[in-house]
Amino acid sequence: MNVLALDIGGSKLIAALLVVDDSRFEIISETHRLLAADCRQEQLLTLIDHAVSELGNITFERVGVTIPGLADPHNGIWVYACFSGIRDFPIAQILSKQYGNKPIAIENDVNACALAEKKFGKCRDLNDFLWITVSNGIGGGLVLDGKVYSGHFGAAAEIGHFGVMDFVDGCQPPIQCGCGHFGCLEAEAAGPGIAKRYAWRFREQQKLNPTLSASVVPSYTAQQVAELARNGDTIALSVMETTGMLLGKAASYAVNLLNLEAVLFGGGVAQSFDLLLPSLEKSFRSRLFRNANPSVKLEQTGLGYCAGLAGAAALTLF
Ligand SMILES: [Zn+2]
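A short tour of the structure in this document, coming up.

Attention shifts here to the nonpolar core. Of all hydrophobic cores here, the largest spans 42 residues; its most connected members are Leu130, Ile138, Leu185, Leu247 and Phe265. Going through the elements one at a time, strand E9 (129-134), strand E10 (138-144), helix H4 (185-189), helix H5 (191-208), helix H6 (222-230), helix H7 (234-258), strand E12 (262-266) and helix H8 (273-287) are the ones with two or more residues in this core. Each residue touching Leu247, except ones within four places of it in the same chain, is listed here: Val134, Ile138, Leu185, Ala189, Phe265, Leu276 and Leu280. Core analysis: the next-biggest nonpolar cluster, separate from the first, contains 31 residues, Leu17, Val63, Ile104 and Ile106 among them.

Quick look at the coordination of the zinc ion now. Every protein donor of the zinc ion is listed here as His161 (ND1), Cys177 (SG), Cys179 (SG) and Cys184 (SG), and their distances to the metal cover 2.0 to 2.4 Å. Taken together, the 4 donor atoms coordinating the zinc ion and their angles of 103 to 126° define a geometry best described as tetrahedral. Sequence spacing of the donors to the zinc ion: H-x15-C-x1-C-x4-C. We note that Cys177, like Cys184, is buried.

Attention now moves to the layout of surface pockets. Here the second largest pocket defines a volume of roughly 500 Å³. Considering the residues around the second largest pocket, the lining is formed by 22 residues, among which Pro73, His74, Glu107, Val148 and Ser150 are closest to the centre. Partitioned by chemical class, the residues of the lining of the second largest pocket number 11 nonpolar, 8 polar and 3 charged. Two domains each donate at least three residues to the lining of the second largest pocket, and these are domain 1 (2-116 + 306-315) and domain 2 (122-301).

Conventions we followed
- Residues numbered from 1 in each chain as written.
- Predicted model: local features only at pLDDT ≥ 70, side-chain atom pairs only at ≥ 80, totals over all residues.
- Heavy atoms only, no water.
- Core = buried A, V, L, I, M, F, W, Y, C linked by side-chain atoms within 4.5 Å.
- Buried < 20%, exposed > 50% of the residue type's maximum accessible area, 1.4 Å probe, protein only.
- Helix = DSSP H or I, 4+ residues; strand = E, 2+ residues; numbered from the N terminus.
- Contact = heavy atoms within 4.5 Å.
- Donors = N, O, S within 2.8 Å, 3.2 Å for Na, K, Ca; no water.
- Tetrahedral: all angles 85-135°; square planar, octahedral: opposite > 155°, others 65-115°.
- 1 Å grid on protein atoms, 1.4 Å probe; cavity = no way out; pocket = protein on both sides within 12 Å on 5 of 7 lines; lining within 4 Å.
- Points joined across faces, edges and corners; volume = space filled by probe spheres on them.
- Nonpolar A, V, L, I, M, F, W, Y, C, P; charged D, E, K, R; others polar.
- Domains from an automatic or database assignment.

Limitation: the analysis is restricted to geometry and does not speak to function.
Right, dumping it as structure tokens:
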């Protein structure tokens, strides 16, 4: 089956044509567009139109759409995205009209990634697992009994808002999260939190080491911090270690609650999974009720950057 996949992120749109069957997917062609942070519905529809045109004279039977924020998959509505002006946007209905009444499936991007891992990835034989996206934010997608579990209000597995950091004298104060609370996993361990922790620890080093005191505090991105860690930068190594520790803490709470078989990690920050894994694993195992959870796997997704497109494709296998 040919599928048009639209992977809408916080800052970019990927449109792609895929060939999909029950167990695998193949990307035939794809194109990327940048999205403005304040992108409105009309602009988004225009961008989608242009991106799909660029894919050429394609034919497809179904359309899968992944969106950031809250989705109502049953009614095909993009309910809310905190970073944009989009609210209650009936995107499935609009795209269906545009594409000859073809079936359109939409879902939150993280839930779709979890579904893709079940259909095409490392979790084909698993029925109970958690997917965690670690990127500019942190989101969770939960598969229970082989199906995505969305919760009563459609917002299950918001692991990014697990409180993982408290105020402790002499330590970096907990970072305020977009949700308003302090010390959420998303605020502490997503890309911006990693950048802030590096800067904070650099300033602490300056206090101890007069030779550093004249240096400007660097403002590295999370990706740069990971590269520095690979080159042996001690502050960067300690920041990646703390990030892994916090992710492991949150994952252990989820597994102790739900008795899962595996936790999968995807997203940009999780590209540096090898740097995170030692402290993540240690922190996770030290908090796990082991007798109830004897063989839980912690793994990086094998879907890589394609996870979003694979997710959009997986949605159409209904
Ligand atoms: Zn929060």
